[in-house]
Amino acid sequence: MNEKTKEICVLGGLYFVIGYIIDLVGGFASNLSTIFFILFVIFFFMILFGKKITFLQKFTNKSPKFSIYLYYIGLVGYFLFAFDLFVLGPTEFISLSEKVQIYITRGVSAINIVGVLFALILATRNVFLNKKK
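None of these values were measured; they are calculated from a predicted model.

Novice: Residues and numbers for helix α1 (residues 3-25), please.
Specialist: For α1, spanning 23 residues, the distance from its first C-alpha to its last is 33 Å, which sits close to the expected 33 Å at 1.5 Å a residue. Looking at the buried residues of α1, the elements they touch are α2 (30-48), α3 (54-62) and α4 (64-91). Where α1 begins, the side chain of Asn2 points an oxygen toward the backbone nitrogen of Lys4, at a separation of 3.3 Å. Positive backbone phi, approximately 70°, marks Gly26, located one or two places after α1.

Novice: Break down the nonpolar core for me, with residues and values.
Specialist: Inside soluble globular proteins, nonpolar side chains tend to come together where they are buried. Residues Val10, Leu11, Ile47, Leu56, Tyr71 and Tyr72 are the most contacted members of the largest nonpolar core, which totals 18 residues. Looking at this core, the elements that each hand over two or more residues are α1, α2, α4 and α5 (98-128). Here this core gets 6 residues from one element, more than from any other, and that element is α4. Residues in contact with Val10, not counting those within four places in the same chain, are Leu56, Thr60, Ser67, Leu70 and Tyr71.

Cut-offs used in this document
Residues numbered from 1 in each chain as written. Predicted model: local features only at pLDDT ≥ 70, side-chain atom pairs only at ≥ 80, totals over all residues. Heavy atoms only, no water. Helix = DSSP H or I, 4+ residues; strand = E, 2+ residues; numbered from the N terminus. Expected span 1.5 Å × (residues − 1). Contact = heavy atoms within 4.5 Å. Polar contact = N/O pair within 3.5 Å; in protein donor to acceptor, adjacent residues only side chain to side chain. Core = buried A, V, L, I, M, F, W, Y, C linked by side-chain atoms within 4.5 Å. Buried < 20%, exposed > 50% of the residue type's maximum accessible area, 1.4 Å probe, protein only.

In structure tokens:
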């Protein structure tokens, strides 16, 4: 696995998990989501252009099993984000009834839940069921 891809996926996993926790808390913490988004974008482009993020490397070295979970959450999270953009984006510009928009939103939400479960199953398989060579 490419080191840059691994770092980008772990960063995405951290961002998605922290974003989910902030959404659960809500209130004042929702203001923090903008700060975390800006930091995520900055770190994303730093990794993309070849810079090393030291705290991310230390975190990956200290907790390799947890970083595998974050890797799969980030990997699947990026795919789900792109899927959401391709499905929900055009619905903003198309005149649909409210009922159809609710069905599309529920369908996308169900796909997102299945995607997160898939990521957790893949990570668990990799961490606990991976044969040692």
